Amino acid sequence: MRCPRCRHETRERARFCGACGAPLESSVPCPRCAALNPRGQKFCDICGEPLSSVGGPARDARAYTPRYLVDKILTTRSAIEGERKQVSVLFADVVDSMRLADRLGAQEWHRVLDRVFEILSSAIHR
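Residues numbered from 1 in each chain as written. Predicted model: local features only at pLDDT ≥ 70, side-chain atom pairs only at ≥ 80, totals over all residues. Heavy atoms only, no water.

K.L.:
Hey, could you go over the side chain of T10 for me, with residue numbers and the actual values?
P.N.:
Note on placement: T10 falls in the segment before β1 (27-29). If sequence neighbours within four positions are ignored, T10 has contacts with M1, C17, G18 and L24. (Helix = DSSP H or I, 4+ residues; strand = E, 2+ residues; numbered from the N terminus. Contact = heavy atoms within 4.5 Å.)

K.L.:
An account of the pattern of salt bridges is requested, with residue identities and associated values reported.
P.N.:
Taken as a whole and judged by the stated rule, the model has five salt bridges. A salt bridge links D114 to R7, with the shortest nitrogen-to-oxygen separation between them at 2.5 Å. Of this pair, D114 sits in helix α4 (residues 106-125) while R7 is found in the segment before β1, placing the two residues 107 residues apart along the sequence. As far as burial versus exposure is concerned, D114 and R7 are alike and both buried. For R67, the salt bridge goes to D71, with nearest N and O atoms at 3.2 Å. Note that R67 and D71 are positioned in helix α1 (residues 67-75) at a spacing of four residues, about one turn of the helix. (Salt bridge = Lys/Arg side-chain N within 4 Å of Asp/Glu carboxyl O. Buried < 20%, exposed > 50% of the residue type's maximum accessible area, 1.4 Å probe, protein only.)

Dropping the structure here:
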């Protein structure tokens, strides 16, 4: 099982993440603000975003953003809205990705890409 907050691999029966201390039971990360919400809840109790898409194979990029950065962006949102900023964009191509995906199957391929995103994101944020 992976922690919904920091993506740390935890024991299946763990109740809290060993890396960040986030509760693992009955928590669903919001696709918009990454706040943890109780399972079965339809909307995030922090930002109001619908939680219906949570848990599917597609994952919002904000799930890979470190919590401190999400907090910083959300607390300064009104100050930076409408501001133009220069950004850097990283493009990574996985050679023969469709062939690999067909060979591995959807769930295993998703796990592989999850790990790739985790490695790339940690290097970028560092």
